[in-house]
Amino acid sequence: MPEALSLSRTQSIRATFVACVAVVVVMVGAAYAAVPLYRLFCQLTGFGGTTQVAATAPENILAQTISVRFDANVAPGLPWTFKAETPVTALKIGETATIFYRITNKATEAVTAQATYNVQPDLAGRYFNKLQCFCFSDVTLKPGETLEVPVVFFVDPALSSDKDIASLDEITLSYTFFPSKNPKSRLRS
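These numbers come from a predicted model, not from an experiment.

Examining the sheet that holds strand β8 (residues 139–141)
As a general point, the strands of a sheet are linked pairwise by backbone hydrogen bonds and lie either parallel or antiparallel.
Then, in step 1: Overall, mixed pairing links the 5 strands, which are arranged β4-β2-β10-β6-β8 in an open sheet. Edge positions in the sheet fall to β4 (88–92) and β8, since each has one partner strand and no second. Between one strand axis and the next, the sheet turns through 30° on average, direction left out of account.
Then, in step 2: Pairing between strand β2 (residues 65–74) and strand β10 (residues 170–179): 8 bridges, direction parallel. Among the inter-strand pairings, Phe70 is bridged to a residue of β10, identified as Leu173.

Dropping the structure here:
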């Protein structure tokens, strides 16, 4: 009988060990998956002002107009100037617009940076669609170089059906450039 008790105890210890290892593996996997899953969630829902990426513009353009403001920022220590050439524009909902930003490297060496973005108010993020944007890639500028980059976008006509923001008359698209974590990936050389 003591052998049976010892065997049962050994099996219990093994089961506990396997369960602990499984929990650790699941937690590590969840930690690695959290950021991409959160990013996917934000892109699908517009959560936190995350804009959408569209392949084509809508066919219907509404009579309702909306103003879009363009905010441009650089992180502390990044030797760039960055501004929208048109700080605000009015367009019809569903209409495609192109806005240019001007970036200048004030450093004496090449600098690579990438822009993050969001839309305010947050609820408008799911309706703000980009067809083309510089924010998808690192941008490298030579010393003193200036670059004009476009953003091609539209506001989805579905916004007018959203009871929470159907009467919205202004959206702000905000960009902030940060030094790149991967300076070998470049939009320009």
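Quick notes on the pairing of strand β6 (residues 111–120)
Then, in step 1: Pairing of β6 with β8, which is carried by 3 bridges, proceeds in the antiparallel orientation. The residue of β8 that forms the bridge with Ala113 is Val139.
Then, in step 2: As paired elements, β6 and β10 share 8 bridges and run antiparallel to each other. Paired with Thr116 across the bridge in β10 is Thr176.

Notes on the side chain of Asn105
Then, in step 1: In this fold, Asn105 is placed in strand β5 (residues 97–105).
Then, in step 2: The exposure class of Asn105 is buried, given its relative accessible area of 1%.
Then, in step 3: With residues near it in sequence (within four places) discarded, Asn105 still touches Pro79, Trp80, Ala110, Val111, Leu141, Lys142, Pro143, Gly144 and Glu145.

Side note on the environment of Ala72
Then, in step 1: One can find Ala72 in strand β2.
Then, in step 2: Looking at Ala72, the relative accessible area reads 21%, which means it is partly exposed.
Then, in step 3: Along the primary structure Ala72 and Pro87 are separated by 15 residues, whereas in three dimensions their C-alpha atoms are 9.2 Å apart.
Then, in step 4: Those residues within four positions of Ala72 in sequence are excluded, and the remaining contacts are Phe82, Lys83, Ala84, Tyr101 and Tyr175.

A few points about the packing of aromatic side chains
Each aromatic ring pair is characterised by the separation of its centres together with the angle its planes make.
Then, in step 1: Tallying each qualifying case throughout the model produces 12 aromatic pairs.
Then, in step 2: Here the aromatic rings of Tyr101 and Tyr175 are separated by 5.3 Å at their centres, their planes lie at 80°, and the arrangement is edge-to-face. Pair noted here: Tyr101 is in strand β5 and Tyr175 is in strand β10, with a separation of 74 residues, a long-range link. Of the two residues, Tyr101 and Tyr175, neither departs from the other in class, the shared state being buried.
Then, in step 3: Members of the aromatic cluster, each reached through a chain of ring pairs, are Phe70, Trp80, Phe82, Tyr101, Tyr117, Phe128, Phe134, Phe153, Tyr175 and Phe177.

A word on the confidence of the model for the chain
Then, in step 1: For the chain, per-residue confidence averages 82 on the pLDDT scale, and residues scoring 70 or more make up 77% of the total.
Then, in step 2: Least confident of the elements in the chain is strand β1 (residues 52–53), whose mean pLDDT is 58; most confident is strand β3 (residues 80–84), at 97.
Then, in step 3: Low pLDDT (under 50) marks residues 185–189, which in the prediction has 12 contacts with non-local residues, meaning those over four places away or in another chain.

Examining the environment of Thr86
Then, in step 1: Locating Thr86 in the fold gives a position in the loop between β3 and β4.
Then, in step 2: Contact partners of Thr86, with chain neighbours within four places excluded, come to Phe70, Ile99 and Phe100.

Describing the state of the cysteines
Then, in step 1: Applying the stated criterion to the full structure yields 1 disulfide.
Then, in step 2: Sulfur-sulfur distance for the disulfide between Cys133 and Cys135 comes to 2.3 Å. Looking along the S-S bond of the Cys133-Cys135 disulfide, the torsion reads about 135°, which is the right-handed sense. No difference in accessibility class separates Cys133 from Cys135, as the two residues are buried.

Criteria and cut-off values
Residues numbered from 1 in each chain as written. Predicted model: local features only at pLDDT ≥ 70, side-chain atom pairs only at ≥ 80, totals over all residues. Heavy atoms only, no water. Pairing = 2+ DSSP bridges. Helix = DSSP H or I, 4+ residues; strand = E, 2+ residues; numbered from the N terminus. Axes fitted to C-alpha atoms, helices over the stretch in contact; angles between N-to-C directions. Buried < 20%, exposed > 50% of the residue type's maximum accessible area, 1.4 Å probe, protein only. Contact = heavy atoms within 4.5 Å. Phe/Tyr/Trp six-rings, centres within 6.5 Å; stacked < 30°, edge-to-face > 60°. pLDDT = per-residue confidence, 0-100. Disulfide = S-S within 2.5 Å.

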